[in-house]
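An overview of the molecular structure
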Amino acid sequence: QVQVVESGGGLVQIGGSLRLSCAVSGSTFSFTSMGWYRQAPGKQREWVSVITSGGSANYADSVKGRFTISRENAKNTVTLQMNSLKPEDTAVYYCNAAFIGGSYWGQGTQVTVSS
């Protein structure tokens, strides 16, 4: 079965950086797109960024100019470089891997931004 695993979360100071990774395995085909979402306590899950298999990227206004999504050398792997982090970025970050006919979620990785 398809498996989605996020990694790289942790505790970081305001203005600092973190790099998240999302690795997908178990699929015969490459992803159509991979996206990052986040969910803070008491809030609804929101979309953060997405990248297509062709390399086109889009970002939510709240992270534009600070976050960068990219493809890595490993098959079906993407990263989210997070710079200039703010307390508002604190959340569990989830990766979603989309294929023709369906999509799959990871279990999430905690990102905490604090001074």
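Computed from a predicted structure; not experimentally measured.

1. Some remarks on the overall build of the protein
Along its length, the protein carries 0 helices and 11 strands. Shown N-terminal to C-terminal, the secondary structure of the protein runs as helices and strands in the order β-β-β-β-β-β-β-β-β-β-β. Relative to the 2.2 N^0.38 estimate, which gives 13 Å for 115 residues, the radius of gyration of the protein is 13 Å and therefore close to what a compact globule would have. With the C-alpha coordinates aligned to their principal axes, the bounding extent of the protein is approximately 45 × 25 × 20 Å. By the burial criterion, 37% of the 115 residues in the protein qualify as buried. Pairs at least 24 residues apart make up 53% of the contacts formed inside the protein by residues separated by at least 6 positions. Total accessible area on the protein is roughly 6200 Å²; 47% of this is exposed by carbon and sulfur atoms.

2. Regarding the state of the cysteines
By the definition in use, this model includes 1 disulfide. The disulfide partner of Cys-22 is Cys-95, and the S-S distance across this bridge is 1.9 Å. Of note, the bridge from Cys-22 to Cys-95 carries an S-S torsion of about -85° and is left-handed in sense. With Cys-22 in strand β3 (residues 18-25) and Cys-95 in strand β9 (residues 91-99), this residue pair connects regions lying 73 residues apart in the sequence. Of the two residues, Cys-22 and Cys-95, both sit in the buried class.

3. Notes on the nonpolar core
Cys-22, Met-34, Trp-36, Phe-67, Leu-80, Met-82 and Tyr-93 are the most contacted members of the largest nonpolar core, which has 26 residues in total. Taken together, the elements giving at least two residues each to this core come down to β3, β4 (33-39), β5 (46-52), β7 (67-71), β8 (77-82), β9 and β11 (109-113). Looking at which element gives the most residues to this core, the answer is β9, with 5 residues. Here Met-82 is in contact with Gly-16, Ser-17, Leu-18, Leu-20, Arg-66, Phe-67, Tyr-93 and Val-111, once residues within four sequence places are set aside.

4. Remarks on the pairing of strand β10 (residues 102-105)
Pairing geometry for β9 and β10, over 4 bridges, is antiparallel. Counterpart to Ala-97 in the pairing with β10 is Tyr-104. The turn joining β9 and β10, which pair antiparallel and follow one another in sequence, is formed by 2 residues; a positive phi near 100° is taken by Gly-101.

5. Topic: the sheet that holds β8
Strand order in the open sheet formed by 4 strands is β1-β3-β8-β7, and the pairing between neighbours is antiparallel. Across the chains shown, the open sheet's two edge strands, defined by having one partner strand only, are β1 (3-7) and β7. Between one strand axis and the next, the sheet turns by 15° as a mean value, whatever way the strands run. When β1 meets β3, the two strands line up antiparallel, connected through 5 bridges. Considered in β3, the bridge of Val-4 is made with Val-24.

6. Quick notes on the environment of Gly-102
Topologically, Gly-102 is positioned in strand β10. By relative accessible area, which is 29% here, Gly-102 ends up partly exposed. The spatial distance from the C-alpha of Gly-102 to the C-alpha of Tyr-37 is 17 Å, given a sequence separation of 65 residues.

Thresholds applied
- Residues numbered from 1 in each chain as written.
- Predicted model: local features only at pLDDT ≥ 70, side-chain atom pairs only at ≥ 80, totals over all residues.
- Heavy atoms only, no water.
- Helix = DSSP H or I, 4+ residues; strand = E, 2+ residues; numbered from the N terminus.
- Rg over C-alpha atoms; globule rule 2.2 N^0.38 Å.
- Buried < 20%, exposed > 50% of the residue type's maximum accessible area, 1.4 Å probe, protein only.
- Contact = heavy atoms within 4.5 Å.
- Areas by Shrake-Rupley, 256 points an atom, 1.4 Å probe, with all protein chains shown as cover.
- Disulfide = S-S within 2.5 Å.
- Core = buried A, V, L, I, M, F, W, Y, C linked by side-chain atoms within 4.5 Å.
- Pairing = 2+ DSSP bridges.
- Axes fitted to C-alpha atoms, helices over the stretch in contact; angles between N-to-C directions.

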